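Read off the chains here:
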Amino acid sequence: MSPALIAALPFLGALLPALAARAGRNAAALAAGAVSLAAFLGLMSHAPAVLSGTAVTARLDWVPALGLSASFRLDGLAFLFAGLILGIGLLIILYARFYLSEKEPLGRFLTSLLMFQGAMTGIVLSDNILMLLIFWELTSLTSFLLIGWSQDRPESRQGARMALAVTGGGGLALIAGMLILGQIAGSNDISVIVTRAAEIQASPLCLPALILILIGAFTKSAQFPFHFWLPHAMAAPTPVSAYLHSATMVKAGLYLMARLWPAFSGTPEWTVIVTATGLATILIAAKIAFFQTDLKALLAYSTVSHLGLITFLLGLGTPAAATAAMLHILAHASFKAALFMLAGIVDHAAHTRDLRRLGGLARAMPLTFALAAIASLSMAGIPPLNGFLSKEAMLTEAALSGPLVAAVATLAALFSVAYSLRFLAHAFLGQPRAQLDHPRDPGPGLWAAPAVLVAIVLASGLAPMATFGPLVDAAASATTGTAIHAHLTLWHGLQAPALYLSLAAFGAGLMTLGAWPRLAALWAATPRPDAKALFDIALAGLTATARRLTRALQGGGLPRALAIATATLLAAGTWAFLSAPHAPGTRALLPLQAAPAAVWAVLMAATLATAALHRDRLLALLLTGITGLLLAAAFAWTSAPDLALTQVAVEVVAILLMLLALNFLPRRTPAESAPPRRLRDLALAAAAALGTGSLAYALMTRDAAFAPISSFHWAQSKPGAGGTNAVNTIIVDFRGFDTYGEIIVLGIAALILFALAESLLSSRTATARLAALDTGPNSGDPHPTMTAVALRFLLPVALTVALYLFLRGHNLPGGGFVAGLVTAIALLLQYLASGYVRSDARRRFDSHAFIAAGVLIATATGAAALGFGLPFLTSGYTYVHLPGLEQFELATAALFDLGVFFCVLGAVLLSIATISRLAQQTREREPG
Amino acid sequence: MEMLFATAIGALTFTGVYLMLRLRSFPMILGLTFLSYAVNLFLFAAGRLTPDAAPIVGTTDAPADPLPQALVLTAIVISFGMTAVIVMMSLGARLEGGDDRVDGQDAP
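Sequence order as written defines the numbering, with residues in each chain counted from 1. All chains are assigned letters beginning at A, and all ligands numbers beginning at 1, according to the order in which they are written. Only residues with pLDDT of 70 or above have their local features reported here, since the model is predicted, and side-chain atom pairs are shown and tallied only from 80 upward, although totals for entire chains, interfaces and linings are computed over all residues. The side-chain values count all of the structure's non-hydrogen atoms but skip hydrogen atoms and water molecules.

## Notes on the packing of aromatic side chains
- Any two rings among Phe, Tyr and Trp, with Trp reduced to its six-membered ring, count as a pair given centres within 6.5 Å; such a pair is stacked if its planes are under 30 degrees apart, edge-to-face if over 60, and tilted if neither. Considering all chains together, one arrives at 21 aromatic pairs over all chains under this definition.
- Both rings, one in Y95 of chain A and one in Y99 of chain A, keep their centres 5.4 Å apart while their planes meet at 20°; by these two values the pair is stacked. Taken together, the residues Y95 of chain A and Y99 of chain A, both in helix α5 (residues 76-99) and four residues apart, mark about one turn of the helix. The pair Y95 of chain A / Y99 of chain A is uniform in exposure class, with both members buried.
- Ring centres of F291 of chain A and W523 of chain A lie 4.4 Å apart, and the angle between their planes is 5°; this geometry places the pair in the stacked category. Placement of F291 of chain A in the loop between α16 (268-290) and α17 (295-316) and of W523 of chain A in helix α27 (residues 516-525) is noted, with a sequence separation of 232 residues between them.
- Grouping aromatic residues by their ring pairs yields a cluster made of F290, F291, F415, W516 and W523 of chain A.
- To sit over a ring, a charge needs its Lys NZ or Arg CZ within 6 Å of the ring centre and within 35 degrees of the ring normal. Taking NZ or CZ as reference, R422 of chain A lies 3.6 Å from the ring centre of W516 of chain A, over its face.
- When the ring centre of Y18 of chain B is taken as origin, the NZ or CZ atom of R22 of chain B, which lies over that ring, is 4.2 Å away. Going along the chain from the N terminus, every DSSP run of H or I of four or more residues is numbered as a helix, and every run of E of two or more is numbered as a strand. A simple rule labels every residue: compare its accessible area, found with a 1.4 Å probe on the protein chains alone, to the largest value its type can have, and call it buried under 20%, exposed over 50%, or partly exposed in between.

Next comes the structure, spelled out in C-alpha cells:
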C-alpha cells in the first residue's frame, strides 16, 4: 500500500462510522476499526523493507516550481510513529465503543477520531514541509473537536479553546520557522533538508528558524512553559486523553524534533535550548504530578514530564541519546495509554477520579488493579518492565552530561517513582476514603485494550531485543542518519552509574510517598501561579484589543470601512509608485477623432453629473443608464462588438432592476453628511480617480512587457475551436472552465436573491412595511393596450433575433450570453406591457428550471469529453453538409453555449421577477 | 484617444468611489455600478486600443486582443448578478430595518 494511501485512508473512511452509526454502535465501531486496521495492515506490509533500513516513498508533483508536491516518505522513524498512531488507534476505537455512554453519538466521535488519526499519520508520513504544516494544523483543529467533545461542560469548552490557542499559536510559529528552513535549505523536501545541515547551520537565519520551529514543537508537546494546556485538555473523554494526550498528538512535537535532528543537533543553540527545556519540564511536571488529586491530572502532568524526558534526550544530540529517546517513546506510549484507559475504568466504576476519595479498589477490582500495577510500576521505572529500560538509558545519558544534569535527572526520577506509586497506592490499596458505589471490574470490552498494552509492557521489558529492538534500531537510524544497533538489556552490570542513580531515586521516591501527608500540607500552603488564570487574562486582553481594532476599522458602518479600504489602497499605490523609476510611454498614440471625442464629452458630463445630482435618485439612475450605453459605444468603437452588445443588454436589465427597486426606496437622498466629510470623500474619490486614470494611461501608452497569450487563442480559434469569433471561442472553449464557474455564480446569485425575497415575504415586519409603503401616484392606465399589443408582436421578432445572435456567436459577434440577455429582455417587456399577473399566468417554465437546465447542459457537455478520455470541457467540432444548405459546422462548444444561454436567461428572469413579486405584494395589499 | 479613455476611467472611478462613500443604500449601489464600469473599461484598455480590428478570424490580420474582451464580457454579466443581489439586500434592509442607511446609525 502506498504511504499516500495509508495517510489518506483514515480521512477517506472518516464518514463511514457516522453513516454506519445508523445501524448501531457496533457497526460504527466496526467501520472505524476496519478503516484503521486497513491502514495499519498497509503500514505493516512495508515492515520488512523499512526495518531493514529502506525508505518507501510516494510522490505526486503539483507545482514543482513552488516546491509544492504531495510527497510521502516512510522510513524507520515514520514507521515507529505511524505504528503507534494506527495501532493504538485501533485499541482506542475498541475502548471508546464501550466507554462512551449510549446517549453519546459514537459515530460522530469516531469520525472526529479518524480525521485526527489521518492528520497525525499525515504528519509523520509527509516528506514535504508544506504538507506537514497542513497536517499539523489539522491535528490542532481535530483535537479541538475531540477535547471539546462534551460541549455542555464549560471546562471542556475552555480546555479545548486553550489547547487550540496554544498549539495553534505554536503552529503559526512553526509555519514561519519551517518556511525559513525551506528557504535556507533550498528545498521543501524534508529528506533533502536533513542532508544540508552545513548550509543550514551556516546561515544567519538558522537561529530564528530553530527558535520558531521549537516553539511549534514545544507547544504541541506541552513543554515548559507551554505545558499548562495539557492538564486542561483532560476535560476530554478518556479515550481522547489516552490517544491524543499520551500516545500521539503530544508526541508530534517530539517527532518533529527527531525529524529535524540531523539538521540542527549538535549546534550549541539546539543543545542548550532543547536540553534545558526538557530538564525543566521533567522536573517541574514530575513535582506537580505528585501533588495532583485527580487521577487524570496526575497522569497528564506525568505525561508532560515524560515528554520532557524525551525532549531532553533529543537535545543531547548524541546517537545514543536519540536511541534512548526512541525507546522511551515506545515505552511511554504503551504504559501511559494503558494507564489512561485504566483511569477511565476506575472513573466509570467508582464514579470519581479523586484520589482523596478513592482507595482499596484492589479487592473490588482485582483485574484492573493487576493491569494498573504493571503499567504504573513500568512508569516508575521498576524492572523488569519497559519503563525501567528507558529510564536507565536516560540516566546513563544524564550521567554522561555532568553531575548537575545527573542530579536533576535523578530528582525527576524520584518524583516519577513517587507519583507512580501514589497512583497505585492511593487508588487501589488501603481502605476506601469515601463511600463508593460498589465498584466492580468492567467487561472485556473495556479491559481488553489496556490488557493488550500491558502485555506489550511486560513482553518488551522481558525480551526487549526481540520486541522493541528492530523498531528502535530502524527509528534511531532514520533519525540520526547513521546505522544504529542498540543493545537493549535490563542488566548493564554493577559499574553502570545509572543503576545507582536509579536505586537512589527509588529509595527516595518511596520515602517521599511516605511523607505524603506533610508534603501535601506544605504544597497546599505554598502559593503558585495559576496558569489558567494567567492565560485567561492574556486571552481577554487580546480579545479586547482585537475588538477595539475591529470596531475602529469596521464600526458597523459601510462608508467608514470603504473609506479606510480606499485610503489603504491609495497608500499602497502611492508607495508602489514612489518606489520605482518612471519613464514616459513610447507606444504610438491614436489620433484624436471627432465622433469618439463627442461620445467622451457626453460620458464625462453624465458621469460627473451623476455624482453632483445623485440626491435625485431617478435622475441619477437615468444618468447611470446613459453612461452605460455610452460605454457600449466606446466598446464598439474599439473593436469589441461582443462587449458592446452585452453592455447594452445588461444595461437594460440592470436599469430595469434598479428602477423596480426604487419603488421600495425613498425617491430622494437626504443631505446628511457634513461639509468636512463630503470634502474628505471628494478627496478620496479624486485621488482614486487620479490613480486609476493615470495607471490606465500608463498602460495604454506602453507595449505589453510580454507577448500576450491571446496570440495563441487567435491562432487556434479556427483550427482548434472551429470558430472565427476569437472572443466567443475563448469564452466557450479555451477558457470554458472559467465560464462554467461564472454561469454557476450567476445562477447562485439569482437563487440568493430569490431566497432573500422569500424570507422577506415571510417576515411580518417586512410585509407590514411593504404594505405601508407609499409607492407614489400610479399612472391611470398601467398597461396601455397599444404598448401591450405592440410588444406582443415584438416577442417573436426578439426571440428570432436572440436565436440569430446565438447561432452566429461562434463565428461572429453574438453568443449565449447576449442571446440569453436579449431573450430575457423580450420576456421582461411582456411583463412590463401586460402586467405581472397576466404574463406570469402564461409562463410555461420556471426560471429556476432554466438555471438548472443551463448548468446541467454545460456540465453534461463538459463531462461528455471525459467519456472520450479527454479533459473536462474539451470541445470537438465537425462540418456537416446537408442538401440544399451551405456546409455548416457543429461544435460541442455550441452546446456549452446553450447552457450559458439558459443560465443567463434564468438568472435574469428570476432576479427581476422576484423583485416584481415584492411590487405585487404592495399592490395586493392596497385597499380597493 | 488614449487620454480620453484614461480620463473616462478616472471620471467613472471618481463617481463610483464618491457615491460608494454615501450614507444611503441607493447611491452606494449606483457607486458600485460606476466602479464596475471603471474596472471593466480599465481591464478592456489593458488590451490596448485598436479600432477597426474586431477579433474575427478572416476580417483582419492585426486583431484587437480578444482575451480582455472575453474577460470583460463575463465580468459585465457577473456584475449584473452582484448588483441584483445587493439591490435585494438593500431592499431587505429597508423593509426589515425601516430605513436605507448603510452607516450603522439610526435615521434621525
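## Focus: the interface of chain B and chain A
- The contact definition used throughout considers only heavy atoms, calling two residues in contact when any of these lie within 4.5 Å. Contacts between the two partners involve 83 residues from chain B, matched on the other side by 113 residues from chain A.
- Take a side-chain nitrogen of Lys or Arg and a carboxyl oxygen of Asp or Glu: if they are within 4 Å of each other, that pair is a salt bridge. Where chain B touches chain A, the interface holds four salt bridges.
- Salt-bridge contacts for R617 of chain A lead to D100 of chain B; the nearest nitrogen and oxygen are separated by 2.9 Å.
- The definition of a polar contact used here is a pair of N or O atoms within 3.5 Å, where within protein one atom must be able to donate a hydrogen and the other to accept one, and adjacent residues in sequence count solely through side-chain atom pairs. Counting every contact that joins chain B to chain A gives 28 residue pairs in polar contact (both at pLDDT 80 or more).

## Points about unusual backbone geometry
All names here are of chain A.
- Of note, the amide linkage connecting F224 to P225 takes the cis form, showing an omega dihedral of 5°.
- Mapped onto the fold, P225 is located in the loop between α11 (206-220) and α12 (229-232).
- Of the consecutive residues P383 and P384, the connecting peptide bond is found in the cis state with omega at 5°.
- Backbone geometry at A222 places phi at a positive 55°, although glycine is not the residue there.
- Note on placement: A222 falls in the loop between α11 and α12.

## A short note on a nonpolar patch on the surface
- A cluster of nonpolar residues, M1, L5 and L12 of chain A, forms a patch on the protein surface that exposes about 280 Å² of accessible area.
- You can see L12 of chain A is positioned in helix α1 (residues 3-12). Put simply, a patch holds well-exposed residues, over 30% relative accessible area, that have no salt bridge, with like charges counted together within 9 Å and Val, Leu, Ile, Met, Phe, Trp or Tyr side chains within 5 Å. Using a 1.4 Å probe, accessible areas were evaluated by the Shrake-Rupley method; residue-level cover was limited to the displayed protein chains.

## Remarks on the pairing of strand β1 (residues 56-63) of chain A
- One ladder, built from seven bridges, connects β1 of chain A with strand β2 (residues 68-74) of chain A; its direction is antiparallel. Each bridged residue has a counterpart across the sheet, and for V63 of chain A the counterpart in β2 of chain A is L68 of chain A. When DSSP finds two or more bridges between two strands, those strands count as paired.

## A short note on the nonpolar core
- Ranked by internal contacts, the top residues of the largest apolar core, which has 192 residues, are M178, W229 and F264 of chain A.
- By residue number, the principal contributor to this core is helix α18 (residues 319-350) of chain A, which donates 22 residues.
- Throughout this description, the term nonpolar core refers to a set of buried Ala, Val, Leu, Ile, Met, Phe, Trp, Tyr and Cys residues connected via side-chain atoms within 4.5 Å. Judged by nonpolar contacts, the second largest core, of 104 residues, contains M658 of chain A together with I9, M88 and L91 of chain B.

## Topic: the domain arrangement of chain A
- An automatic or database domain assignment provides the domain bounds reported here. Domain annotation of chain A identifies domain 1 (271-328 + 342-517) and domain 2 (725-928).
- The C-alpha centroid of domain 2 of chain A is placed 72 Å from the C-alpha centroid of domain 1 of chain A.

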